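# Residue-level structural notes
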Amino acid sequence: MDKVRQLQRAKNQALAWLIGAALVFIATTGAQQWYPVVADSHWLGLIKMASEAALIGGLADWFAVSALFRPIPSRFPIPHTNIVARNKPAIADNLSRFVRDKFFNTQALTQLIESSQPARGAGRWLQRRQNAGRAAGYLNDIFAGSLHLIDDAPVKAMLLDTSKRALNNLNLVPLIGAAFRLMSKERHHQALLNRLLMRLTAMLSTPAAREQLAEKLNSWLKTEHARLSRLLPSSWLSRQGADIAVNAIASTLQDINDDPAHPARRELDRQIAVFIRRLERDPEYAEKIDAVKHRLLNNAALHHYLHTLWEDLHQWLERDLASPQGKTVTALTDVFEGIGQRISTTPALAASLDKHISEAGQYMAPELAEFLTEHIRQTILAWDETALVEQIELNIGSDLQRVRINGTLVGGLIGALLYGIEQAIGLFR
């Protein structure tokens with residue numbers, strides 16, 4: 001609305017100058033006709049000729065400006081009017097090429113990135129807690145929107161169906177074989193065994209484990225040797241047996257853990273190697289794994305469990321993402337702030353990031369330029385001609401109306417100058 005008012009105000013001002021010139025011309029012409037005494041006055045002649053030239057200049061610029069935006073006259077327009085509407089395809093092509101060549105060429109984008117140093121700027125901005133919180137809030141909102149999108153019934157059904165099809169068509173045998181072969185090569189299975197042994201040893205060493213084992217032995221004695229348990233202190237024997245068993249098992253586990261060449265470890269290596277060979281060579285293994293995969297995918301209990309798990313996770317995420325002080329947004333704020341501080345205090349990191357951003361800009365510039373320029377061209381071509389004219393006139397029309405005012409003023413000055421030249425020539429006659 002501001003642009004509309006500005007344009008209308010500029011039109012009214014230009015029209016007022018034109019009407020003023022016309023009134024002065026009419027008044028001076030009338031004075032020459034009705035008052036013969038002043039008909040030969042030099043001042044009256046100067047004013048008349050200046051107003052006449054101003055009127056001509058104003059009318060000529062009015063025609064030039066109006067011809068850009070509308071046909072003149074509207075019913076049977078003369079050539080070279082309504083220029084903007086008639087040249088809409090040329091405007092679309094030329095504007096899109098100009099934007100592509102001047103703003104989105106590879107050199108311009110590279111120079112912009114190198115001069116602006118975006119990584120350093122982002123680091124300075126992110127190291128402030130408030131700004132890191134704003135960035136975290138934007139990402140948090142994206143997560144929340146994605147969560148609502150995934151929860152949409154048709155989208156959820158599509159994702160589940162696509163995931164199920166992909167898993168059904170996925171051959172797990174090569175993946176499992178490669179995973180076990182890599183684990184065996186890097187000795188990860190032995191490290192996992194070490195953790196498991198330490199965990200089992202710690203669990204067996206607890207009083208609760210010893211008490212539970214003693215209860216099991218006591219129950220076994222009373223069930224299997226009822227008569228003997230009445231004669232012997234079964235509770236004491238059970239506790240002693242539990243201690244002996246726990247110590248023996250813990251000692252064995254400790255031996256395995258301390259000895260990298262223990263027979264149990266070698267047996268584990270051998271069993272994994274046998275499993276890998278059979279997995280890669282035995283079709284029966286592949287069929288069994290495929291059957292297990294299909295049973296899992298079609299297991300109703302598993303589906304119900306996963307659905308319940310997702311619902312609980314979904315509700316928690318929904319509550320957390322909706323809270324400005326949620327764990328997600330707080331964690332993201334800490335991450336962004338840490339990234340900003342790291343970039344700001346590590347010039348080498350900032351320079352490396354700027355370099356990668358520049359390389360990415362060079363890679364993306366051609367396709368980005370084509371996409372944006374084609375979008376600009378198609379958008380302009382899709383505009384209604386009337387809407388196109390209105391938009392252009394709203395944005396540059398005010399300045400063009402000042403051209404009309406200038407035409408009126410310059411025309412008047414030229415008329416006065418010509419009158420002066422005419423009078424000067426008359427003096428030499």
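Residues numbered from 1 in each chain as written. Predicted model: local features only at pLDDT ≥ 70, side-chain atom pairs only at ≥ 80, totals over all residues. Heavy atoms only, no water.

For the protein chain, an unreviewed UniProt entry supplies the name DUF445 domain-containing protein and the organism Alteromonas halophila.

### Topic: the overall build of the protein chain
Threshold: Secondary structure elements are defined from DSSP: runs of H or I of at least 4 residues count as helices, runs of E of at least 2 residues count as strands, and each element is numbered from the N terminus. The globule rule used for comparison is 2.2 Å times the number of residues to the exponent 0.38, while the radius of gyration itself is calculated over C-alpha atoms. Note on exposure labels: buried denotes an accessible area under 20% of the residue type's maximum, exposed denotes more than 50%, and partly exposed covers the range between, all computed with a 1.4 Å probe on protein chains only. Should any heavy atoms of two residues lie within 4.5 Å, those residues are counted as being in contact. Note that accessible areas follow from Shrake-Rupley with a 1.4 Å probe, and for residues the cover is restricted to the protein chains shown. In this tally Asp and Glu are treated as negative and Lys and Arg as positive; neither His nor the chain ends contributes. A charge is said to be at NZ when it belongs to Lys, at CZ for Arg, at CG for Asp and at CD for Glu.
The secondary structure content of the protein chain amounts to 19 helices and zero strands. Taking 429 residues into account, the globule formula puts the C-alpha radius of gyration at 22 Å, and the protein chain, at 45 Å, lies well above it. For the protein chain, the C-alpha atoms occupy an extent of roughly 155 × 50 × 40 Å along the three principal directions. The buried share of the protein chain, reckoned over its 429 residues, is 25%. Across the protein chain, the fraction of contacts at a sequence separation of at least 24, relative to all contacts at a separation of at least 6, is 74%. Summed over its atoms, the accessible surface of the protein chain is roughly 29,000 Å², and 63% of this surface lies on carbon and sulfur atoms. Considering the protein chain, the positive charge centre built from 48 side chains and the negative charge centre built from 43 side chains are found 3 Å apart.

### Notes on the packing of helix H14 (residues 263–281) against helix H15 (residues 283–297)
Here is the rule we go by: Axis definition: a line fit to C-alpha positions, over the contact stretch in the case of helices; interaxial angles, taken between N-to-C directions, run 0 to 180 degrees. For this classification, under 35 degrees means roughly parallel, over 145 means roughly antiparallel, 65 to 115 means roughly perpendicular, and everything else is oblique. Just so you know the grouping, Ala, Val, Leu, Ile, Met, Phe, Trp, Tyr, Cys and Pro go in nonpolar, Asp, Glu, Lys and Arg go in charged, and all remaining residues, Gly too, go in polar.
Direction vectors running N to C along H14 and H15 enclose 90 degrees, while the axes themselves pass 5 Å from each other. Viewed along their axes, H14 and H15 adopt a mutual orientation that is roughly perpendicular. Note on element contacts: H15 touches H14 through Pro283, Tyr285 and Ile289, opposite Phe275, Arg278, Leu279 and Arg281. Tallied by class, the residues present in the contact of H14 with H15 amount to five nonpolar, no polar and two charged.

### Points about the pattern of salt bridges
The condition that has to hold: A pair is scored as a salt bridge if a Lys or Arg side-chain nitrogen falls within 4 Å of a carboxyl oxygen belonging to Asp or Glu.
On inspection of all chains with the given rule, the structure shows 13 salt bridges. Arg100 is the partner of Glu370 in a salt bridge, and the nearest nitrogen-oxygen pair spans 3.8 Å. Residue Glu370 is located in helix H18 (residues 347–382), and its partner Arg100 is located in helix H4 (residues 88–103); the two are separated by 270 residues in the primary sequence. Across the pair Arg120 and Asp354 runs a salt bridge, and its minimum N-O distance is 2.6 Å. Here Arg120 is found in helix H6 (residues 118–126), whereas its partner Asp354 is found in helix H18, with 234 residues between them in sequence. Since its relative accessible area comes to 25%, Arg120 is described here as partly exposed.

### Topic: the nonpolar core
Worth spelling out the cut-off: For our purposes a nonpolar core is just a set of buried Ala, Val, Leu, Ile, Met, Phe, Trp, Tyr and Cys residues, chained together by side-chain atoms within 4.5 Å.
Val65, Phe69, Val84, Ala85, Ala92, Ile380, Leu388, Val389 and Leu400 form the largest nonpolar core, which has nine residues in total. Every element with two or more residues in this core is listed here: helix H2 (42–69), helix H3 (83–86) and helix H19 (385–428). Among the elements that line this core, the one with the most residues is H19, at three residues. Among residues more than four places away in sequence, those in contact with Phe69 are Asn82, Val84, Val389, Ile392, Glu393, Ile396 and Leu400. In terms of nonpolar packing, the next biggest core, distinct from the first, is built from seven residues, Ala135, Ala136, Leu332 and Phe336 among them.

### Describing the packing of helix H1 (residues 2–34) against H2
Think of two packed helices as two axes; the pair is described by the angle between the axes and how far apart they sit. In plain terms, the rule: A crossing counts as left-handed when the near helix is turned anticlockwise from the far one by less than a right angle, and as right-handed when that turn is clockwise.
Relative to each other, H1 and H2 sit at 145 degrees, their axes nearing to 8 Å. In the packing of H1 onto H2, the handedness of the crossing is left-handed. Of the residues in H2, those touching H1 at Leu18, Ala21, Ala22, Val24, Phe25, Thr28, Thr29, Ala31 and Gln32 are Leu44, Gly45, Ile47, Lys48, Ser51, Glu52, Ala54, Leu55, Gly58 and Leu59. Of the residues contributing to the contact of H1 with H2, the split by class is eleven nonpolar, six polar and two charged.

### With respect to unusual backbone geometry
Residue Pro73 is reached from Ile72 by a cis peptide bond, and omega for that bond is -15 degrees. Topologically, Pro73 is positioned in the loop between H2 and H3. Positive phi outside glycine occurs at Gln117, with the angle close to 50 degrees. Secondary-structure assignment places Gln117 in the loop between helix H5 (106–116) and H6.

### Some details on helix H10 (residues 188–204)
Where we set the bar: To estimate the expected span of a helix, subtract one from its residue number and multiply by 1.5 Å. An arc is given here, and it is the one of the directions from the helix axis to the C-beta atoms.
Counted at 1.5 Å a residue, the expected span for H10 with its 17 residues is 24 Å, and the 24 Å between its end C-alpha atoms agrees. Along H10, the positions that sit buried rather than exposed are His189, Gln190, Leu193, Leu197 and Thr201. Axial view of H10: buried residues confined to an arc of 110 degrees, hence all on one face. Residues Leu192, Arg195, Met198 and Arg199 are exposed on H10 and point more than 90 degrees away from its buried face.

### Points about the side chain of Ser358
Mapped onto the fold, Ser358 is located in helix H18. If we ignore the near neighbours within four places in the chain, the residues touching Ser358 are Thr110, Ile113 and Glu114.

### Let's talk about the confidence of the model for the protein chain
Short version of the rule: The pLDDT value expresses, per residue, how confident the predictor is, ranging between 0 and 100.
Taken as a whole, the protein chain shows an average pLDDT of 82; of its residues, 93% reach a score of 70 or greater. Helix H17 (residues 327–345) holds the highest mean pLDDT among the elements of the protein chain, 91, whereas helix H12 (residues 226–231) holds the lowest, 54.

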